[in-house]
Amino acid sequence: EIQLQESGPGLVKPSQSLSLTCSVTGYTITSGYDWSWIRKFPGNKMEWMGYISYSGSTNYNPSLKSRISITRDTSKNQFFLQLNSVTTEDTATYYCARGTRFDYWGQGVMVTVSS
Amino acid sequence: DIQMTQSPPSLSASLGDKVTITCQASQNINKYIAWYQQKPGKAPRQLIRYTSTLVSGTPSRFSGSGSGRDYSFSISNVESEDIASYYCLQYDNLPLTFGSGTKLEIK
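Residues numbered from 1 in each chain as written. Chains lettered and ligands numbered in written order. Predicted model: local features only at pLDDT ≥ 70, side-chain atom pairs only at ≥ 80, totals over all residues. Heavy atoms only, no water.

Chemist: Is there a simple way to explain the side chain of E6 of chain A in this structure?
Modeler: Following the sequence through the fold, E6 of chain A ends up in strand β1 (residues 3-7). Of the side chains with opposite charge, K42 of chain B comes closest to the buried, unpaired E6 of chain A, at an N-O distance of 12 Å. A distance of 3.2 Å separates a polar atom in the side chain of E6 of chain A from the backbone nitrogen of Q107 of chain A. Separated by 2.8 Å, the side chain of E6 of chain A and the backbone nitrogen of G108 of chain A make a polar contact. Sequence-distant contacts of E6 of chain A, defined by excluding residues within four places in its chain, comprise T21, C22, W37, Y94, Y95, C96, G106, Q107, G108 and V109 of chain A. (Helix = DSSP H or I, 4+ residues; strand = E, 2+ residues; numbered from the N terminus. Buried < 20%, exposed > 50% of the residue type's maximum accessible area, 1.4 Å probe, protein only. Lys, Arg positive; Asp, Glu negative; His and termini not counted. Salt bridge = Lys/Arg side-chain N within 4 Å of Asp/Glu carboxyl O. Polar contact = N/O pair within 3.5 Å; in protein donor to acceptor, adjacent residues only side chain to side chain. Contact = heavy atoms within 4.5 Å.)

This is how it looks when you write it as structure tokens:
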């Protein structure tokens, strides 16, 4: 059974970086698919943030410009999100998901940006 | 970016009713639309992909249709377990974009 699980701090200060980990079990992230990060804002809007492909290439939502980086550790079957220079508007629940059709999701982690 | 205009924002239905949610894309998305159900505190669950293909485990009372820019998602014979929010997603073009969601409540 394929499972994804997000982890990381639930509180980040403004101007700092948000860093999250997605741990994948039941499927090797280098075997196929893209691996995405998605967030859901308090008003229920959902935003695709970007993905890292099975080959390691990345694609990001232009709305996040140069603030985002998605990387991976293939030895641990994990991929990571880093979002720099966060503001209160980055407060959201962050999800990792498989592919660009998001057939498997993690449970999500709520991140609050506040001083 | 492709904008996905989803309506209505909320629905109130009686058990056994049929409800329909629509998503209109700002351009042709070639049937590359998926539909998700999200219950409070849970991850979204994919129900339908490529307009009308039910994902394994999706009950047959769920259905999808459409083409070009206009798509719809229906639940026939609404059950109490269908109380949730529903979202569409276009995956024809990057950046991937979601509809704004529809909250289904039972009367």
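Chemist: Whenever I open this one, the sheet that holds strand β3 (residues 18-25) of chain A confuses me. Can you help?
Modeler: Each strand in a sheet pairs with its neighbour through backbone hydrogen bonds, running either in the same direction (parallel) or in the opposite one (antiparallel). All names here are of chain A. Across the sheet, which stays open at both edges, the four strands sit in the order β1-β3-β8-β7 with antiparallel pairing between neighbours. Two strands lie at the open edges of the sheet, namely β1 and β7 (68-73), each paired on one side alone. Within the sheet, the average angular offset between the axes of one strand and its neighbour, ignoring direction, is 20°. Bridging between β3 and strand β8 (residues 78-83) involves six bridges; their strand directions are antiparallel. Its bridge partner being in β8, S23 is matched across the sheet by Q78. (Pairing = 2+ DSSP bridges. Axes fitted to C-alpha atoms, helices over the stretch in contact; angles between N-to-C directions.)

Chemist: Can you walk me through the packing of aromatic side chains in this structure?
Modeler: Aromatic ring pairs are defined here through the distance separating the ring centres and the angle between the ring planes. Across all of its chains, the model carries 17 aromatic pairs over all chains by this definition. Each ring, one from Y27 of chain A and one from W35 of chain A, has its centre 5.9 Å from the other, and the planes form 40°; the classification is tilted. According to the relative accessible area criterion, W35 of chain A is buried, its value standing at 0%. With a centroid separation of 5.9 Å and an interplanar angle of 15°, the aromatic rings of F102 of chain A and F98 of chain B are classed as stacked. One end of the pair, F102 of chain A, is in the loop between β9 (92-98) and β10 (109-113); the other, F98 of chain B, is in strand β10 (residues 97-98), on a second chain. Among the residues examined, F102 of chain A registers a relative accessible area of 0% and is labelled buried. A network of ring pairs unites the aromatic residues Y27, Y33, W35, W37 and F79 of chain A as a single cluster. Above the plane of the ring of Y27 of chain A lies R98 of chain A, whose end atom (NZ or CZ) is 5.1 Å from the centre. Taking the ring centre of Y33 of chain A as reference, the NZ or CZ of R98 of chain A above it sits at 3.7 Å. (Phe/Tyr/Trp six-rings, centres within 6.5 Å; stacked < 30°, edge-to-face > 60°. Lys NZ or Arg CZ within 6 Å of the ring centre and 35° of its normal.)

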